[in-house]
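Overview (structure and organization)
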Amino acid sequence: MSSRIAATLIPGDGIGPEIVEATLAALEALGVDFDWDIQQAGLAAVRSVGDPLPDAVLDSIRRTRLALKGPLETPSGSGYRSSNVRLREAFKLYANVRPARTLIPGGRYDNIDLMVYRENLEGLYMGYEHYIAMDGDPEAVAIATGVNTRQGSHRLLEYAFEHAIALGRKKIAVVHKANIMKALTGIFLDEARKLYQQRYQGRIEMQEVIIDACAMKLVLNPWQFDALVTTNLFGDILSDLVAGLVGGLGMAPGANIGADAAIFEAVHGSAPDIAGKGIANPVALMLAAAMMLDHLKLNDAATRLRQAINDTFNVDGVRTGDLGGTADTKAFTKALVARIRNG
């Protein structure tokens, strides 16, 4: 490539540095030249500067508008807010995109290929919570307020429709609970109906599914769905559910898309119990890197990376322990890099 791509790299906590190292090896083998600005966040940043999301991280992403991050651990019991939530808020990362695709055939669910589009900034995750004291108990009543806006709903729905159509998806399910939460999720459903009628009818089929029924249908017959778009809390839950259909969070990448920045990550946590043991599965972050390459319009490189992962699993038979194999992180990465270079 003629020029290097500026991007922020956050190694993260726990197994983060290990899976980041593996992912960088894959990107190097692809010949994609990044100019990485390495920044610490999460527990590592708390230990070094006393803040899980230092200003230097935010300044870096403002400059590069692109980040690849390992999992971040939020210190418990210390009053710290989630660094992931803070990043989404800081850069208005309104769309959380989580694909789930079968990579290893022969499981309980086979040939899964789903997209989940989750609103990333609103709903109950805004954190408007408080207690009301009663009968001497200062925390007798807990109250949380969810906030969904028409503008926020429109922004996510528009992205989901456009992205799904661009990928060649045939239908998209709007998941809601408007039968009970008539205002909070009713506004989302109403905006979906309006937007569909105005711009997308005839271009893609729109389904309407109540959240609890959707969860049941995904377990009974996930193949009836193609893409799902929903509000923040429902999307968080459903994206983990669909990850379970394809082998768990170790196979689940995520993209956080905003108007001025995009952050790509593995959906799973920092797994401190296996950190440093060299046995972590790096595939979720590698798949997130493939999403990042697509975002950069480097679709050929993204396709090569996904194909190399598939061939390493299913042709070479090299898999990490969580997938029933015997390879450690380095052995899997070595096999994958060889696939990329020889593919």
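Residues numbered from 1 in each chain as written. Predicted model: local features only at pLDDT ≥ 70, side-chain atom pairs only at ≥ 80, totals over all residues. Heavy atoms only, no water.

1. Here's the deal with the overall build of the protein
Spelled out, the test is: Secondary structure is summarised from DSSP: a helix means a run of H or I of at least four residues, a strand means a run of E of at least two, and numbering begins at the N terminus for each. The globule rule used for comparison is 2.2 Å times the number of residues to the exponent 0.38, while the radius of gyration itself is calculated over C-alpha atoms. Accessibility here uses a 1.4 Å probe with only protein chains present; expressed as a share of the type maximum, an area under 20% marks a residue as buried, one over 50% as exposed, and anything in between as partly exposed. The contact definition used throughout considers only heavy atoms, calling two residues in contact when any of these lie within 4.5 Å. We get accessible surface area from the Shrake-Rupley algorithm with a probe of 1.4 Å; when it comes to residues, only the shown protein chains can shield them. Here the positive residues are Lys and Arg and the negative ones are Asp and Glu; neither His nor the chain ends is included. Taken as the charge centre is NZ of Lys, CZ of Arg, CG of Asp or CD of Glu, depending on the residue.
Check the secondary structure of the protein and you find 11 helices and 12 strands. On C-alpha atoms alone, the protein measures out to a radius of gyration of 20 Å, which is about the 20 Å that the 2.2 N^0.38 rule sets for 343 residues. Principal-axis analysis of the C-alpha atoms gives the protein an extent of 60 × 50 × 40 Å. Burial analysis of the protein (343 residues in total) assigns 50% to the buried set. Within the protein, counting contacts between residues at least 6 apart in sequence, those at least 24 apart form 72% of the total. As displayed, the protein offers around 15,400 Å² of accessible surface, 50% of which is attributable to carbon and sulfur atoms. In the protein, the 35 positive side-chain charges and the 39 negative ones have mean positions that sit 5 Å from each other.

2. Structural notes on unusual backbone geometry
Despite not being glycine, Lys-92 has its phi angle at roughly 50 degrees, a positive value. Looking at the element boundaries, Lys-92 is found in the loop between α4 (83-90) and β4 (95-101). The class of Lys-92 is partly exposed, set by a relative accessible area of 49%.

3. A look at the layout of surface pockets
Quick note on the threshold: Cavity: a set of points on a 1 Å grid over the protein atoms alone where a 1.4 Å probe fits but cannot get out. Pocket: an open set with protein on both sides within 12 Å along at least five of seven lines, its lining residues, like those of a cavity, having an atom within 4 Å of a point. Grid points are joined across faces, edges and corners, and a volume is the space filled by probe spheres set on the points. Gly falls in the polar group here, along with every residue not listed as nonpolar (Ala, Val, Leu, Ile, Met, Phe, Trp, Tyr, Cys, Pro) or charged (Asp, Glu, Lys, Arg).
In this model, the largest pocket occupies a volume close to 660 Å³. Surrounding the largest pocket, 25 residues form its lining, His-163, Leu-167, Met-291, Asp-294 and Arg-306 being those nearest its centre. Looking at the lining of the largest pocket, the elements that each hand over two or more residues are β4, β5 (113-119), α5 (150-166), β11 (253-257), α9 (283-295) and α10 (299-314). Of the residues contributing to the lining of the largest pocket, the split by class is 16 nonpolar, three polar and six charged. Taken as a whole, the second largest pocket holds about 260 Å³ of empty space. Lining of the second largest pocket is provided by 18 residues; of these, Asn-84, Arg-88, Arg-98, Val-267 and His-268 occupy positions nearest its centre. For the lining of the second largest pocket, the secondary structure elements donating two or more residues are α4, α8 (232-245) and β12 (262-266). For the lining of the second largest pocket, a count of residues per class yields six nonpolar, five polar and seven charged.

4. Observations concerning the pattern of salt bridges
Inclusion rule: The term salt bridge refers to a pairing of a side-chain nitrogen on Lys or Arg with a carboxyl oxygen on Asp or Glu at a separation within 4 Å.
If you walk through the whole model with that rule in mind, you get 22 salt bridges. The salt bridge involving Glu-265 is made with Lys-69; its shortest N-O contact spans 2.9 Å. With Glu-265 in strand β12 and Lys-69 in strand β3 (residues 66-69), this pair connects stretches of sequence that are 196 residues apart. Residue Glu-265 shares its accessibility class with Lys-69, and that shared class is buried. The residue Lys-177 makes a salt bridge to Asp-212 at a minimum N-O spacing of 3.1 Å. Linking Lys-177 in the loop between β8 (171-176) and α6 (186-200) with Asp-212 in helix α7 (residues 211-220), this pair joins segments that are 35 residues apart in sequence. One continuous salt-bridge network, built from bridges that share partners, spans Arg-98, Arg-118, Asp-236 and Asp-240.

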